[in-house]
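Listed below are the residues making up each chain.
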Amino acid sequence: MLDTVEKEDTVISEEEAAQYDRQIRLWGLDAQKRLRGSHVLLVGLRGLGAEVAKNLILAGVKGLTLLDHEEVTEESCRAQFLIPVGSEGQNRAQASLERAQYLNPMVDVKADTEPVESKPDEFFLQFDAVCLTGCPRDLMIRIDQICSQKNVKVFCGDVFGYHGYMFSNLGPEHHYVEEKLKAVKPSEGTSDGPDTKKPKVDPSETTMVKKTASFCSLKEALEIDWTSEKAKASLKRTPADYFLLQVAPLPSPFAPSVLLKFRTDKGRDPQPSSFADDSTILRQIRDDVLEAQGLASDLIPDEFVSYCFSEMAPVCAVVGGVLGQEIVKALSQRDAPHRNFFFFDGLKGSGVVDYFATK
Amino acid sequence: MLVGSLRKELADSVSSCRVLVVGAGGIGCELLKNLVLTGFKNIEVIDLDTIDVSNLNRQFLFQKKHVGKSKAQVAKESVLQFCPEANITAYHDSIMNPDYNVEFFKNFMLVMNALDNRAARNHVNRMCLAANIPLIESGTAGYLGQVTVIKKGLTECYECQPKPTQKTFPGCTIRNTPSEPIHCIVWAKYLYNQLFGEEDADQEVSPDTADPEASCESIICSVCRWLFYLCSQSMGSNDFDKRLRAILTAARAGASNQDGDIKRVSTKDWARSTGYDPVKIFNKLFKDDIMYLLTMDKLWKKRKAPQPLDWAVVQEMAYIQEEVSGQGLRDQQVLGVKGYAQLFCNSVETLRSQLAEKGEGAQLVWDKDDPPAMDFVTAAANLRMHVFSMNMKSRFDVKSMAGNIIPAIATTNAVIAGLIVLEALKILSGDLEQCRTVFLNKQPNPRKKLLVPCALDPPNTNCYVCASKPEVTVKLNVHKTLVQSLQDKILKEKFGMVAPDVQIEDGKGTILISSEEGETDANNSKCLSEFGIRNGSRLQVDDFLQDYTLLVNLLHCEDLEKDVEFEVVGDAPDKAPPAPNVPEEDKNIANGNQDSALPSTSSKVPIEKDDVLIVDSDEEPSSSTMEAAVEMGGVKRKLEDVETGGAGSKRKRLFELPINDDDIIALD
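Criteria and cut-off values
- All residue numbers here refer to positions counted from 1 along the written sequence of the relevant chain.
- Starting at A for chains and at 1 for ligands, labels are handed out in the order in which the entities are written.
- With pLDDT at 70 or above as the cut-off, local features in this predicted model cover only qualifying residues; side-chain atom pairs require 80 or more to be listed or tallied, and sums for whole chains, interfaces and linings still use all residues.
- Calculation of side-chain values draws on the structure's entire complement of heavy atoms; hydrogens and water are dropped beforehand.
- Two residues qualify as a contact provided that any one of their heavy atoms is within 4.5 Å of a heavy atom in the partner residue.
- Buried area, as used here, totals the accessible surface that two parts lose on assembly, with accessibility defined by a 1.4 Å probe and the loss added over both.
- By salt bridge we mean one thing: a side-chain nitrogen of Lys or Arg within 4 Å of a carboxyl oxygen of Asp or Glu.
- For the exposure calls, accessible area comes from a 1.4 Å probe over protein chains only, and a residue counts as buried if that area is under 20% of its type's maximum, exposed if over 50%, partly exposed in between.
- Numbered from the N terminus, helices here are DSSP runs of H or I no shorter than four residues, and strands are runs of E no shorter than two.
- Think of it this way: DSSP has to see at least two bridges between two strands before they count as a pair.
- We call a set of buried residues a nonpolar core when its members are Ala, Val, Leu, Ile, Met, Phe, Trp, Tyr or Cys and they connect through side-chain atoms within 4.5 Å of each other.
- Aromatic pairing here means that ring centres of Phe, Tyr or Trp (its six-membered ring) are within 6.5 Å. Orientation follows from the plane angle: under 30 degrees is stacked, over 60 is edge-to-face, and everything else is tilted.
- Our definition puts a charge over a ring when NZ of Lys or CZ of Arg is within 6 Å of the ring centre and also within 35 degrees of the ring normal.
- With axes taken as lines fitted to C-alpha atoms, and helix axes fitted only over the stretch in contact, angles between N-to-C directions fall between 0 and 180 degrees.
- What sets the label is the angle itself: under 35 degrees gives roughly parallel, over 145 gives roughly antiparallel, 65 to 115 gives roughly perpendicular, and the rest give oblique.
- Under the scheme applied here, ten amino acids are nonpolar (Ala, Val, Leu, Ile, Met, Phe, Trp, Tyr, Cys and Pro), four are charged (Asp, Glu, Lys and Arg), and all others, including Gly, are polar.
- Under the convention used throughout, the expected extent of a helix is 1.5 Å for every residue step, that is, one less than its residue count.
- Confidence of the predictor at the level of single residues is given by pLDDT, which spans 0 to 100.

Colleague: Any chance you could explain the interface of chain B and chain A here in plain terms?
Modeller: A common measure of how large an interface is: the accessible area buried when the components associate. Between chain B and chain A, the contact holds 81 residues from the first and 80 residues from the second. Here chain B meets chain A over a buried area of about 6,700 Å², counting both sides, of which 57% is carbon and sulfur. Viewed at the interface, chain A and chain B are joined by 6 salt bridges. Of the charged contacts in the structure, one is a salt bridge between Lys442(B) and Asp335(A), with a shortest N-O distance of 3.4 Å.

Structure below.
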């Protein structure tokens, strides 16, 4: 949608300029204008969803739709600062709406309480970007396919305890600009004598360079055959989080997916209240998926079960910050996007960007 | 068992410990949210600032209706809305207030800085060292950020590594030969103070006749040359007469200037005598002073000479308004010369009446958010840029530079505040050895890392703050340096003390400076040599609030560079002498750190305002040095990852946290 809809006529008011001053100084007025003309769908209003919502509303998108059909529970709002205390039993998106709107009255924030599975294809196409959190893998693959055909930017993300990831698909051709320093020519001013009329070159002057990046679909990103020689060779450099999280093809018998498989098998995420049982199941799933790949189970050490329960607020902040900024970059068509996964390990403080694609 | 994502024991210490958050701004708001959502219950937060509309794009605990209110107080109230069970104490105050002494700091298990200036960071660093409390430091600038952990005796402290000094400009560049817009902007800010604010001898704006570049030129020679030049131009006699008079006036001013600025009328007195007539001020600054500069013709042999601007001539010009970007914001448009002349005139009139309203002897204080003050600096800087043939800049761009504005976004602060809490959890688990410095990059490094954890470095045994017996050597001229400058410029500004007491180690224990108000005021205007201080003298300097004692060795030096009042030996890392292997005298010094074995004779921490974030290095050992291009506010700087020969450290990271002060310091 970004390329077909003319957004340049969006005018930034003096009021907006005052509020957005510190970020316009970073990404420029043009980027802010594009952002100001963008509509985003955010699915899932748990801890990570709340972080992404906050970041997009503060940045100043035109509209944000919060979609979640589930009810508020103690566990689901452990890392959720938009839901007021005492909202148990209410719809999560609805309960988040008021606080979200307070963050920036200039953004049109809506709540949608219908299940995302029930939405027709066209629903997703009214947005410039769609961000999916807490969704099952096959649903993510479906929405990714619908959106990427129509140039709607797709983002997915999840947080499990100390671990989190994000994925992005900005389509086969994502155009953006980057700021480069203007090349300063070696000074010739002195030879012209002191009376040259030529203005001096400011060493800090910059110029915009147009660039293009290409992305693969989520399905392609997940269909890596880890038994191939080439894949095995790159395995050493692959973050263990790739396997720990849900990043693997659903239909493939080689699917190394622990946490998403848990979500698929159980219809929920691991619960701290059933730590002992869920730990056993997680270890079993870990063994199954790694063995099916011909991979050693020590790729994901046993201790992982202690660190992947619930959504940890600081991990939501980190992943939601990176994810939020990637959405801002994509919508404003400013700066090189991260391709196509970001993995965060909160125990190590390490955040890796890596490109996974079958081709 | 787990409570949320945390082990039960960890969750228990999280909910029972008491923590201090210093700063409730960009990082502070995100941090407070993360802390309560992680289960922290006892939090104290301090910030002396109030909420501004430009905070609202990231400081999400604040809304428009809170503008002008205390950040700490509003942050507390907002957090309680989603976590009413938290026990939060808010202080609308400066952390440098003596009420927050070492005992206060000892109340906490952990201190987290979310600050934007080096003075406060230095101070909290010292307080945490004195109280032996772990400190988590952090900073962000645009897309970049950094978190680190400081623990006395185990890690580097905030002041262990020298910070790159902010770019300063020689006085004569500002006054005589500006070559970049920033020189004109610094000049315009000085001019504001000279006209409306506190006059500062270091912020002179008129031509500097003592410019070494122009020194061999006698004024009389220049005047003769000019007369000759003007005659050859065969101008109308009236015009000639006016110009001649201007030159002679300028020459007279210059002559009196040469004998030490004593007889000269100050810029403010002169402006007042004209009734702050904008046209007269305009012509003095952009015509007469420039014509005077032209008489120093050595300056213009290899430079393009400036072109004087006459108010009357500007009025004849067509009004041209160039727009930077289509229908951009008013602030982003570059007005023409005529537009800026008009803006200059209007802002002088507004400021004149503001000054008059304040009453006799009042002063205005420059503030980038005060529209007439910002208009004045924009106009004056641009007119000077035009005079010196530079491309003019929009008010928006001038504000960035004049206000030293560091761009700031919510997402970077969110990431950094998340990382702070993760480090805090390691400290509470007793896993201090697992703590890391983590850098947030704009783009992944060659190892694909966007967030780069690095092992913490051990303390610098020569650090003038955390070494067991901190010591520095300072070069200065004992016959010229006043006690007042020793206190203000060296001890407070350079060495970050709040209220120093100074005793001369002359066997008699002469008190040179006392922190008790008024006790040693009589000494302030005397120079050091009057107290018997000479080459090799030693001063013992104590700051009781910081529980910090520094031994200062003085070296008398007659040949410091022009405009340099003192020099700290070993200030530049490459000039640092090797650590001397001298046996240590065993004296009891109050800093309390008994771990390190060697005294230090060099100090390395420059105090200035524009920190640069170095974003590189990797946890895995690497022999390669890498370079990172760091972008801040559209300015890219290439920074090198310097190798150190230091004890076992393969790389050197300048621990740099961006700050956001208003001042640009220029050397004069």
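Colleague: Hey, could you run me through the pairing of strand β4 (residues 129-133) of chain A in this one?
Modeller: On a regular strand, one side chain projects to one face of the sheet and the next to the other, so that they alternate. Residues and elements named next belong to chain A. Counting buried residues along β4, 5 of its 5 residues qualify, which places the element largely inside the surrounding structure. Both faces of β4 are covered, namely the face carrying Ala129, Cys131 and Thr133 and the face carrying Val130 and Leu132. As paired elements, strand β1 (residues 39-43) and β4 share 4 bridges and run parallel to each other. Each residue of the ladder has a partner; that of Val43, found in β4, is Leu132.

Colleague: Hey, could you run me through the nonpolar core in this one?
Modeller: Across soluble globular proteins, nonpolar side chains have a tendency to be buried as a group. All names here are of chain B. Residues Phe40, Leu419 and Leu425 are the most contacted members of the largest nonpolar core, which totals 110 residues. Sort the elements by how many residues they give to this core and helix α16 (residues 410-428) lands first, with 12 residues. When neighbours within four sequence positions are excluded, Phe40 is seen to be in contact with Val14, Cys17, Val19, Leu35, Val421, Ala424, Leu425 and Leu428. Residues Phe282, Leu293, Leu364 and Val377 belong to the second largest nonpolar core, which totals 58 residues.

Colleague: Please explain the packing of aromatic side chains as it appears in this structure.
Modeller: Between two aromatic rings, the relevant description is the distance of the centres plus the angle of the planes. Tallied over the entire structure, the rule returns 25 aromatic pairs over all chains. Centroid distance Phe167(A) to Phe341(A): 5.1 Å. Interplanar angle 50 degrees. Geometry classified as tilted. On the criterion of sequence distance, the pair formed by Phe167(A) in strand β6 (residues 163-169) and Phe341(A) in strand β9 (residues 341-345) is long-range, its members being 174 residues apart. Note on accessibility: Phe167(A) and Phe341(A) belong to one class, buried. An aromatic cluster of at least three residues, connected via ring pairs, comprises Trp187(B), Tyr192(B), Phe196(B), Tyr276(B), Phe282(B), Phe286(B), Trp311(B), Phe344(B) and Phe376(B). When the ring centre of Phe60(B) is taken as reference, the NZ or CZ atom of Lys54(A) above it lies at 5.3 Å. Its end group placed over the ring of Trp270(B), Lys284(B) keeps NZ or CZ at 5.7 Å from the ring centre.

Colleague: Whenever I open this one, the packing of helix α14 (residues 371-387) of chain B against helix α15 (residues 395-402) of chain B confuses me. Can you help?
Modeller: Helix packing for two helices is described by the angle between their axes and how far apart those axes are. Residue and element names in this part refer to chain B. Viewed as axis vectors pointing N to C, α14 and α15 meet at an angle of 100 degrees, and their least axial separation amounts to 10 Å. Judged by the inter-axis angle, α14 sits roughly perpendicular to α15. Between α14 and α15, the residues in contact are Pro371, Met374, Asp375, Val377, Thr378, Asn382 and Met385 and Arg395, Val398, Lys399 and Ala402, respectively. Split into classes, the residues belonging to the contact of α14 with α15 amount to 6 nonpolar, 2 polar and 3 charged.

Colleague: I keep staring at the pattern of salt bridges and nothing clicks. Help me out?
Modeller: Where charged atoms from two side chains of opposite charge approach closely, those side chains can pair. Under the counting rule described, the total for this entry stands at 46 salt bridges over all chains. Between Lys71(B) and Asp49(B) there is a salt bridge whose closest N-O contact spans 3.5 Å. Of this pair, Lys71(B) sits in helix α3 (residues 71-82) while Asp49(B) sits in the loop between β4 (42-46) and α3, and the two are 22 residues apart along the sequence. Judged by relative accessible area, Asp49(B) falls into the partly exposed class, the value being 35%. Ionic contacts of the salt-bridge type, sharing partners, join the residues Arg46(A), Asp158(A), Arg263(A) and Asp269(A) into one network.

Colleague: Please clarify how helix α3 (residues 47-59) of chain A should be interpreted in this entry.
Modeller: Owing to its 3.6 residues per turn, the α-helix brings residues three or four apart onto one side. All names here are of chain A. Taking 1.5 Å of rise per residue, the 13 residues of α3 would be expected to cover 18 Å, and the 19 Å separating its terminal C-alpha atoms lies within 8% of that figure. The buried count for α3 comes to 13 of 13 residues, which makes it a mostly enclosed element. The positive-phi residue at the C-terminal boundary of α3 is Gly60, with phi of around 95 degrees.

Colleague: Any chance you could explain the confidence of the model for chain B here in plain terms?
Modeller: Low pLDDT marks regions whose predicted coordinates should not be analysed in detail. All names here are of chain B. Model confidence for chain B is summarised by a mean pLDDT of 80, while 76% of its residues fall at 70 or above. Confidence drops under a pLDDT of 50 for residues 232-236, and excluding neighbours within four residues, the segment shows 3 contacts in the predicted structure. Within the model, the stretch residues 255-263 combines pLDDT values under 50 with 7 contacts to residues more than four positions away or in other chains. In the model output, the complex is listed with pTM 0.83 alongside ipTM 0.90.

Colleague: How should I be thinking about unusual backbone geometry in this particular structure?
Modeller: Glycine aside, negative phi is the norm for most residues, and most peptide bonds take the trans geometry. Residue and element names in this part refer to chain B. Backbone geometry at Ser389 places phi at a positive 55 degrees, although glycine is not the residue there. When you line up the elements, Ser389 lands in the loop between α14 and α15. Judged by its relative accessible area of 9%, Ser389 falls in the buried class. Of note, Asn404 is a non-glycine position whose phi angle comes to about 50 degrees, a positive value. Relative to the elements of secondary structure, Asn404 occurs in the loop between α15 and α16. When its relative accessible area of 12% is taken as the criterion, Asn404 is described as buried.

Colleague: Mind showing me how you'd approach the environment of Val14(B) here?
Modeller: Residues and elements named next belong to chain B. By the secondary structure assignment, Val14 is in helix α1 (residues 8-16). C-alpha of Val14 to C-alpha of Ala380: the two residues are 366 residues apart in sequence and 55 Å apart in space. Leaving out residues up to four positions away in the same chain, Val14 has contacts with Leu6, Thr38, Gly39, Phe40, Lys41, Leu425 and Leu428.

Colleague: Teacher, can you tell me more about the pairing of strand β3 (residues 18-22) of chain B here?
Modeller: Residues and elements named next belong to chain B. Judged by how many residues are buried, β3 sits mostly within the fold: 4 of 5 residues are covered. The pairing of β3 with β4 spans 5 bridges and is parallel. When the bridges of β4 are listed, Arg18 appears paired with Asn42. Pairing analysis gives 4 bridges linking β3 to strand β6 (residues 110-113), with the strands arranged parallel. Looking across to β6, one finds that Val22 is bridged to Asn113.

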